[in-house]
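Observations on chain architecture
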Amino acid sequence: MAGREEIVEAENAEAEAIITRIEHKSRKIESLLKQGRPVEALKTALEGSPPKTRDERCKSANWIVVHRALMAIKDVDALFSALDPEYYDILMKYLYRGLSTGDRPTCDQCLRIHEKLTEKAGLGCILRSLADTVNTV
């Protein structure tokens, strides 16, 4: 039984380290938003997203950070002229998470971005996001 307790302790320590990184990222994003740089804030929010963790606290904490950056985006066309393709799949996952909230402003924003992302990245981006059940956000 001691082995199980050690595993739980290790998982909790890892989750705490991830949450600390997310808190640091959150402060950086707030600074970028205050500077009027929402695209850079979104890039920062998407970088190092913890999809491989199973800890819901980590996923929720990172969603809050990504949501804050997503909602600050006003010019969706400018977003995709500055966003690298490497971010497309993880962004799509977060858009679906946003749509699942049922919150009207969040859903409206996610749908606006989803439309442009699908135009830019194609249907493969949608399929990869929905088919990947291991790396969830």
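Right, let's walk through the structure included here.

Reading the values: rules and limits
Residues numbered from 1 in each chain as written. Predicted model: local features only at pLDDT ≥ 70, side-chain atom pairs only at ≥ 80, totals over all residues. Heavy atoms only, no water. Phe/Tyr/Trp six-rings, centres within 6.5 Å; stacked < 30°, edge-to-face > 60°. Helix = DSSP H or I, 4+ residues; strand = E, 2+ residues; numbered from the N terminus. Buried < 20%, exposed > 50% of the residue type's maximum accessible area, 1.4 Å probe, protein only. Axes fitted to C-alpha atoms, helices over the stretch in contact; angles between N-to-C directions. Parallel < 35°, antiparallel > 145°, perpendicular 65-115°, else oblique. Left-handed = near helix turned anticlockwise from the far one by under 90°. Contact = heavy atoms within 4.5 Å. Nonpolar A, V, L, I, M, F, W, Y, C, P; charged D, E, K, R; others polar.

1. A look at the packing of aromatic side chains
Applying the stated criterion across every chain yields a total of two aromatic pairs. Ring geometry for Trp63 versus Tyr94: centroids 6.3 Å apart, planes at 10°, classification stacked. With Trp63 in helix H3 (residues 56-72) and Tyr94 in helix H5 (residues 88-101), this pair connects stretches of sequence that are 31 residues apart. Relative accessible area serves as the criterion here: at 10%, Trp63 is assigned to the buried category. With 6.0 Å between their ring centres and 70° between their planes, Phe80 and Tyr88 make a pair best called edge-to-face. By the burial criterion, Phe80 is buried, and Tyr88 matches it.

2. Brief notes about the packing of H5 against helix H6 (residues 104-121)
Each packed pair of helices is defined by two parameters, the angle between the axes and the distance between the axes. At a minimum axis separation of 9 Å, H5 and H6 run at an interaxial angle of 150°. In terms of orientation, H5 lies roughly antiparallel with respect to H6. Relative to H6, H5 is oriented so that their crossing is left-handed. Contacts between H5 and H6 pair Tyr88, Leu91, Met92, Leu95, Tyr96, Gly98, Leu99 and Thr101 from the former with Thr106, Cys107, Cys110, Leu111, Ile113, His114, Leu117, Thr118, Lys120 and Ala121 from the latter. Grouping the amino acids of the contact of H5 with H6 by side-chain chemistry returns 12 nonpolar, five polar and one charged.

In short, shape yes, function no, at least from these values alone.
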